[in-house]
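Inside the fold
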Amino acid sequence: MSSNKVTEIIFLGTGTSSGVPVIACLTDPEQNCETCMSTLTPEGEVNVRRNTSLLVRVNHEDGRVRNIVIDCGKTFYVSALKWWPYHKLRQLDAIILTHPHADAINGLDDLRAWTLNKVIQEYIPIYLTNNTLEAVKTLFPYIVDAKQATGGGDLPAFQWNLIDPNRPFTVEGLEFIPLPVHHGKYFTTNEPYIYVGFKFDNITYISDCNFIPEDILTKIQGSKILILDALNYQEHSSHFSIDQAINISRNLNPIPNRTYLTGFSHAVEHFKLTNEMKQLQLNEPLLWVRPAHDGLKVIIDNLNKEQEKKII
């Protein structure tokens, strides 16, 4: 068995909140959006983007690889229907929530597909901050307090675990270091809206961000894999642009072995950006940056072997 805690990561979603394709583009008589129109072809499937979500597959001492999912947004169930059977997955061992926006928590109700009548498992552990839990209580009061259920009472079964955004915690033997960053600001107070990314096993995941404080940049140092928000080519009030994300990677010391961009709008076409990043690497050989896509699986051992070959 691999010496790594994390065996592989799978991108379950790589799109912004509204996802890609956009209905306005698909119904536009002019059909001017290259990215959205490409999704109607087999080759353009990599431009189909559901809400950002990452599956972390973790070695466990009992020999069964654990499945830990970061974020469960509006399109999570659609992602699961596509990628769970494709990658031969079944159990969902834990969910970690980064923040209480719709594209991170609105899929929680759909998790009844795993726990109803214990069809796959008895319950799913959920790890979240108190701020996120309070939002869940407002949106889905019945999944936090079953006494508020109505209708048939078909509820998902959860085990709630509060996390401190400033302290590491452990899930299925893997330590997660919280990374509180800015994801825009509150319109009424101008205070930063906090999103909590995570560093685990030399991997950093920050899917919604427009500013990383210096103390958090220090914690990110040493990451071999960096996964970072990159909405599109223009600067945005709550997301990094592609150039801003690249600059984060470029200025880390050492530069991560691989940087995957995620959270794209339909202004980004996968193959075009891939070619741009390959050209960038020709000019800056240490800067390996690529757009992730839904369903992309990264096998950690393979990356380590590639690195060993470079060193030798």
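The name recorded for the chain in an unreviewed UniProt entry is Metallo-beta-lactamase family protein, from Rhizophagus irregularis.

**Some details on the UniProt feature "domain: Metallo-beta-lactamase" (unreviewed entry) in the chain**
Those places that UniProt annotates as "domain: Metallo-beta-lactamase" (unreviewed entry) correspond, in this numbering, to residues 66-262. End-to-end, the C-alpha atoms of residues 66-262 are 23 Å apart, and along that stretch the chain is 25% helix and 28% strand.

**Focus: the nonpolar core**
In this structure, Phe200 and Ile212 are the most contacted members of the largest nonpolar core, which totals 56 residues. Setting aside anything within four residues of it in sequence, one finds Phe200 in contact with Val6, Leu54, Val56, Ile70, Leu174, Glu175, Phe176 and Tyr205. Among the nonpolar cores identified, the runner-up in size contains 26 residues, and Ile10, Cys72, Ala80 and Leu97 belong to it.

**Focus: the pattern of salt bridges**
Taken as a whole, this structure holds 10 salt bridges when the rule is applied. Between Arg66 and Asp62 there is a salt bridge, and its shortest N-O distance comes to 2.9 Å. For Asp62, a relative accessible area of 48% corresponds to the partly exposed category. Between Lys137 and Glu134 there is a salt bridge; the shortest N-O distance is 3.2 Å. Pair noted here: Lys137 and Glu134 are both in helix H6 (residues 130-139), with a separation of 3 residues, about one helical turn. On the basis of relative accessible area, Lys137 is assigned to the partly exposed category, the value being 35%. We classify Glu134 as partly exposed; its relative accessible area is 37%.

**What about H6?**
Along H6, the residues that are buried comprise Thr132, Leu133 and Val136. Down the axis of H6, the sector holding all buried residues measures 100°, keeping them to one side.

**Brief notes about the state of the cysteines**
According to the stated counting rule, one finds 0 disulfides in the structure shown. Here Cys33 is not disulfide-linked; the sulfur of Cys36 is the nearest cysteine sulfur, at 3.5 Å. In this structure Cys33 comes out as buried when scored by relative accessible area, which is 15%.

**Some words on helix H10 (residues 270-283)**
When the terminal C-alpha atoms of H10 are compared, their 20 Å separation across 14 residues agrees well with the 20 Å that a helix rising 1.5 Å per residue should span. All of the buried residues along H10 are His270, Leu273, Thr274, Met277 and Leu280. The arc that holds every buried residue of H10, seen down its axis, measures 120°, which confines them to one face. Exposed and facing more than 90 degrees away from the buried side of H10 are Leu282 and Asn283. For H10, the N-terminal cap is Glu269; the gap from its side-chain oxygen to the backbone nitrogen of Phe271 is 3.0 Å.

**Things to note about the packing of aromatic side chains**
Applying the stated criterion across every chain, the model contains 14 aromatic pairs. Aromatic pair Phe76 and Trp114: ring centres 6.1 Å apart, planes at 40°, arrangement tilted. Remark: Trp114 occurs in helix H5 (residues 112-115) and Phe76 occurs in helix H3 (residues 76-86); sequence separation between them is 38 residues. Each member of the pair, Phe76 as well as Trp114, is classed as buried. Measuring from ring centre to ring centre gives 5.3 Å for Phe158 and Trp160, while their planes differ by 75°; the resulting arrangement is edge-to-face. Phe158 sits in the buried class, given a relative accessible area of 13%. Judged by relative accessible area, Trp160 falls into the partly exposed class, the value being 24%. One aromatic cluster is present, formed by Tyr127, Phe169, Phe176, Phe198 and Phe200 through successive ring pairs. A cation over an aromatic ring shows up here: Lys82 above the ring of Trp83, its NZ or CZ 5.3 Å from the ring centre.

**Some words on unusual backbone geometry**
Here Val20 and Pro21 are connected by a cis peptide whose omega angle stands at 10°. For Pro21, the position within the fold is in the loop between strand S1 (6-13) and helix H1 (23-26). Located in the positive-phi region is Asn202, a residue other than glycine, with phi close to 65°. You can see Asn202 is positioned in the loop between strand S9 (192-200) and strand S10 (203-206).

**A look at the environment of Glu45**
Tracing the backbone through its elements, the reader meets Glu45 in the loop between helix H2 (34-38) and strand S2 (53-58). Judged by its relative accessible area of 37%, Glu45 is partly exposed. Sequence separation of Glu45 and His293 is 248 residues, and the distance between their C-alpha atoms is 9.1 Å.

**Comments concerning the sheet that holds strand S4 (residues 94-96)**
The 7 strands are arranged S6-S5-S4-S3-S2-S1-S14 in an open sheet whose pairing can be described as mixed. Two strands lie at the open edges of the sheet, namely strand S6 (158-162) and strand S14 (297-299), each paired on one side alone. Put simply, the sheet's adjacent strands are angled 20° from each other on average, direction ignored. As defined by bridge partners, S2 adjoins strand S3 (residues 66-70) across 5 bridges and the pair is classed as antiparallel. Bridging across to S3, Arg57 finds its partner in Asn67.

Cut-off values and rules
- Residues numbered from 1 in each chain as written.
- Predicted model: local features only at pLDDT ≥ 70, side-chain atom pairs only at ≥ 80, totals over all residues.
- Heavy atoms only, no water.
- UniProt positions renumbered as here; feature names shortened; annotations may be inferred.
- Helix = DSSP H or I, 4+ residues; strand = E, 2+ residues; numbered from the N terminus.
- Core = buried A, V, L, I, M, F, W, Y, C linked by side-chain atoms within 4.5 Å.
- Buried < 20%, exposed > 50% of the residue type's maximum accessible area, 1.4 Å probe, protein only.
- Contact = heavy atoms within 4.5 Å.
- Salt bridge = Lys/Arg side-chain N within 4 Å of Asp/Glu carboxyl O.
- Arc of directions from axis to C-beta.
- Disulfide = S-S within 2.5 Å.
- Expected span 1.5 Å × (residues − 1).
- Polar contact = N/O pair within 3.5 Å; in protein donor to acceptor, adjacent residues only side chain to side chain.
- Phe/Tyr/Trp six-rings, centres within 6.5 Å; stacked < 30°, edge-to-face > 60°.
- Lys NZ or Arg CZ within 6 Å of the ring centre and 35° of its normal.
- Pairing = 2+ DSSP bridges.
- Axes fitted to C-alpha atoms, helices over the stretch in contact; angles between N-to-C directions.

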